[in-house]
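Per-entry structural report
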Amino acid sequence: MAADPYGWLSKSLQTIHRAHWHRTVQPLSGRPGPVMTWQGQSIFNFASNDYLGLAGDPRLQDAAISALEAYGTGSTGSRLLSGHRPLHHRLEQAIAALKGTEDALVFSSGYLANVGTIAALVGSRDLIVSDQYNHASLINGAKLSGATVLSYAHRDTQHLQEQLAQHRAQHRRCLILTDSVFSMDGDLCPLPDILAIAGRFEAMVLVDEAHGTGVLGASGAGVVEYLGCRHRPLIQIGTLSKALGSLGGYVTGSAELIDFLRNRASSWIYTTGLTPAATAAALKAIEIIQAEPERRDRLQTHIQTLTVGLDALLAEQSIPSPFTKRLPSTSPILCLEVHSAATVMALKQQLMAQGIFVSAVRPPTVPTSRLRITLMATHTREHIMQLLQGLGAAYQ
Ligand SMILES: *Cc1c(COP(=O)(O)O)cnc(C)c1O
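Small disclaimer: the values here were computed from a predicted structure and weren't measured.

So, how was this worked out
- Per-chain numbering applies: the sequence of each chain, read as written, is numbered from 1 onward.
- Under the rules for a predicted model, residues below a pLDDT of 70 receive no local features and side-chain atom pairs below 80 are neither given nor counted, while totals for whole chains, interfaces and linings still include all residues.
- The basis for every side-chain value is the complete set of non-hydrogen atoms in the structure, without hydrogens or water.
- The numbering of helices and of strands both runs from the N terminus, where a helix is a DSSP run of H or I of at least 4 residues and a strand a run of E of at least 2.
- Buried residues are those whose accessible area, probed at 1.4 Å on protein chains only, stays under 20% of the maximum for their type, while exposed residues exceed 50% and partly exposed ones sit between those limits.
- Throughout, a contact is declared for two residues whenever any of their heavy atoms are within 4.5 Å.
- The nonpolar core is taken to be a set of buried Ala, Val, Leu, Ile, Met, Phe, Trp, Tyr and Cys residues, with the residues joined through side-chain atoms within 4.5 Å.
- Residue ranges for the domains trace back to a domain assignment, done automatically or taken from a database.
- Buried area adds together the accessible area that both of two parts lose upon being put together, with accessible area traced by a 1.4 Å probe.
- Here, a salt bridge means any side-chain nitrogen of Lys or Arg that lies within 4 Å of a carboxyl oxygen of Asp or Glu.
- Counting of polar contacts relies on pairs of N or O atoms within 3.5 Å, with two restrictions inside protein: one atom must be capable of donating a hydrogen and the other of accepting it, and residues adjacent in sequence are counted only when both atoms are side-chain atoms.
- Classification convention: Asp, Glu, Lys, Arg as charged; Ala, Val, Leu, Ile, Met, Phe, Trp, Tyr, Cys, Pro as nonpolar; all other residues, Gly among them, as polar.
- Any residue with a heavy atom positioned within 4 Å of a molecule or strand is treated as near that molecule or strand.
- In this description, accessible areas are obtained by the Shrake-Rupley approach with a 1.4 Å probe, and a residue is regarded as covered only by the protein chains that are shown.
- By this rule, a helix spans an expected 1.5 Å times one less than how many residues it contains.
- By definition, two strands form a pair when at least two bridges between them are found by DSSP.
- For helices, the fitted axis covers only the stretch in contact; all axes are lines through C-alpha atoms, and the angles between them, taken along N-to-C directions, range from 0 to 180 degrees.

Some thoughts on the environment of Q161
Looking at where Q161 falls in the secondary structure, it is placed in helix α6 (residues 157-167). A C-alpha to C-alpha distance of 39 Å links Q161 and H88, two positions 73 residues apart in sequence.

Dropping the structure here:
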């Protein structure tokens with residue numbers, strides 16, 4: 001008898017369990033918002049990427065319903081064949097206008113936008129230099145491209161420059177990859193310095209604004225706007241599924257870049273166009289983020305409140321703390337580092353029992369285990385006080 005070809009699966013799962021790396025899904029119900037339902041219990045939601053509270057906004061819902069009634073449920077084909085609708089064009093125009101770029105291209109997800117764009121721009125003769133904490137979609141896009149991939153220490157522009165000085169000349173094109181807001185840490189990339197270095201080494205720069213768009217910058221255009229880098233030569237990627245409350249991804253930049261991607265990005269060419277409902281909801285969200293800057297202001301106030309509260313909590317030396325430190329952040333993503341994967345899971349469960357939902361993030365996603373807390377404009381000060389109280393109780 002031959003051995004079971006699937007027998008390795010249970011062994012692999014055992015290894016994952018032993019390392020406390022095993023993951024499962026969390027069924028939440030109710031409309032997306034600061035308060036949701038989990039196992040029949042009401043919970044305060046501090047684990048969502050819906051930073052502006054738009055995923056449950058009736059205006060997005062109405063836009064989606066109208067599009068559904070006008071165009072049906074599916075777009076029925078790839079964009080180059082039967083799947084292109086006037087709505088897609090309007091959304092792409094709206095993204096380009098928000099970002100101050102010539103054109104934009106909408107993908108079925110941010111992940112697909114990264115993978116397809118990176119693999120289209122560089123190949124085996126080229127070099128990618130990537131921040132070590134970049135999102136998995138950037139890392140996997142880099143692998144797929146077949147380019148030589150080097151990383152630089154997190155936010156370390158000195159190291160980036162050394163990598164380029166040593167390796168750039170041996171390659172044809174060069175692409176620097178960075179998240180704008182680091183998704184599992186909450187800190188920002190040093191974009192002006194990266195652009196200056198890129199200029200010296202004839203390197204393209206791709207910045208992933210998944211957590212920046214709608215959240216930072218006076219008009220909500222993201223970290224690029226916040227750090228004063230609009231209109232610089234850049235490839236900007238983002239998602240429609242975080243602050244924009246819908247589903248999908250985009251690339252924005254020069255008209256030539258977008259025209260090239262329409263011809264070369266496999267993950268755009270060979271997949272079905274975005275659904276009419278998702279497209280219309282994202283279009284409405286872009287309108288709202290520009291018209292309602294007060295959502296960003298409220299979010300900034302919440303970030304301040306929570307930062308001060310967390311630091312006060314960590315300063316209480318009287319009792320042994322499960323938290324090593326608060327990771328530096330200027331975004332609605334705030335993380336408390338924890339000694340071990342087992343501890344972070346126990347803390348998460350303890351908070352859940354108190355009706356507080358935060359994410360526990362562990363290796364291999366991140367180098368150190370942490371509680372990841374995300375804020376929404378639609379949270380209240382009272383929600384944040386409840387969270388701080390719950391975290392305080394977790395000391396016992
Ligand atoms: C969420 C995320 C993505 C993927 O976006 P989706 O639209 O969810 O596929 C890409 N990059 C970063 C940094 C992200 O956080």
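Next, the rest of the story.
With respect to the environment of L336
Along the chain, L336 falls in strand β12 (residues 333-338). A relative accessible area of 1% means that L336 is categorised as buried. With sequence-adjacent residues up to four places away left out, L336 is seen in contact with L310, L314, F323, K325, R326, S369, R370, L371, I373 and L391.

Considerations on the nonpolar core
If you look at the biggest cluster of nonpolar residues, it comprises 64 residues, and the most contacted ones within it are L91, L240, L306, L371, I373 and L391. Among the elements that take part in this core, helix α11 (residues 276-291) stands out by supplying 10 residues, more than any other. A domain split of this core shows at least three residues from each of domain 1 (27-56 + 293-393) and domain 2 (58-291). When sequence neighbours within four positions are dropped, the list of residues in contact with L306 reads L334, I373, L375, I384, L387 and L388. V122, L138, L261 and I269 belong to the second largest nonpolar core, which has 23 residues in total.

Here we look at the domain arrangement of the protein chain
Domain parsing of the protein chain yields domain 1 (27-56 + 293-393) and domain 2 (58-291). Opposite the 28 residues of domain 1 that make contact, domain 2 presents 29 residues. Between domain 1 and domain 2 the total buried area reaches about 2100 Å² when both faces are included, carbon and sulfur atoms providing 55% of it. For the pair domain 1 and domain 2, the number of links is one salt bridge. Residue D185 is joined to R370 by a salt bridge in which the shortest nitrogen-to-oxygen separation is 3.0 Å. Connecting domain 1 to domain 2 are 11 residue pairs in polar contact (both at pLDDT 80 or more). A per-class count over the side of domain 1 that touches domain 2 returns 14 nonpolar, seven polar and seven charged.

Notes on the pattern of salt bridges
What the rule picks out here adds up to 12 salt bridges. R262 is the salt-bridge partner of D103, the closest N and O atoms lying 3.7 Å from each other. Of the two residues, D103 sits in strand β4 (residues 103-107) while R262 sits in helix α9 (residues 255-264), which places them 159 residues apart along the sequence. The partner of E337 in a salt bridge is K325, with the nearest N and O atoms 3.7 Å apart. Taken together, the positions of E337 in strand β12 and K325 in strand β11 (residues 323-326) put the pair 12 residues apart, joining distant regions of the chain.

Re the site of the ligand
Neighbouring residues of the ligand: 15 residues in total, closest G110, D208, H211, T239 and K242. For the ligand, an oxygen atom lies 3.2 Å from a polar atom in the side chain of S241. Protein contact buries 85% of the 380 Å² of open area that the ligand shows by itself. Here the shell around the ligand gets three residues from one element, more than from any other, and that element is helix α4 (residues 110-121). Residue composition of the shell around the ligand, by class: two nonpolar, 10 polar and three charged.

Re helix α12 (residues 294-315)
With 22 residues, α12 should cover 32 Å at 1.5 Å per step; its first-to-last C-alpha distance of 32 Å lies within 8% of that length. Residues R295, R296, L299, H302, I303, T305, L306, T307, G309, L310 and L313 constitute the buried set of α12. Against α2 (58-71), α11, β11, β12, β15 (370-374) and α14 (381-393) lie the buried residues of α12.

Things to note about the sheet that holds strand β7 (residues 174-179)
Two strands in a sheet stick together by hydrogen bonds in their backbones, pointing the same way (parallel) or opposite ways (antiparallel). On the basis of which strands lie adjacent, the open sheet formed by seven strands has the order β4-β10-β9-β8-β7-β5-β6 and mixed pairing. At either margin of the open sheet sits one strand with a lone partner, and together these are β4 and β6 (148-152). In this sheet, adjacent strand axes meet at a mean angle of 20° when their direction is disregarded. Sitting on the sheet, helix α7 (residues 191-200) is in contact with β6, β7 and β8 (204-208), with an inclination near 160° to β8. Across the sheet, α9 is in contact with β4, β9 (235-239) and β10 (249-253); its angle to β10 comes to roughly 135°.

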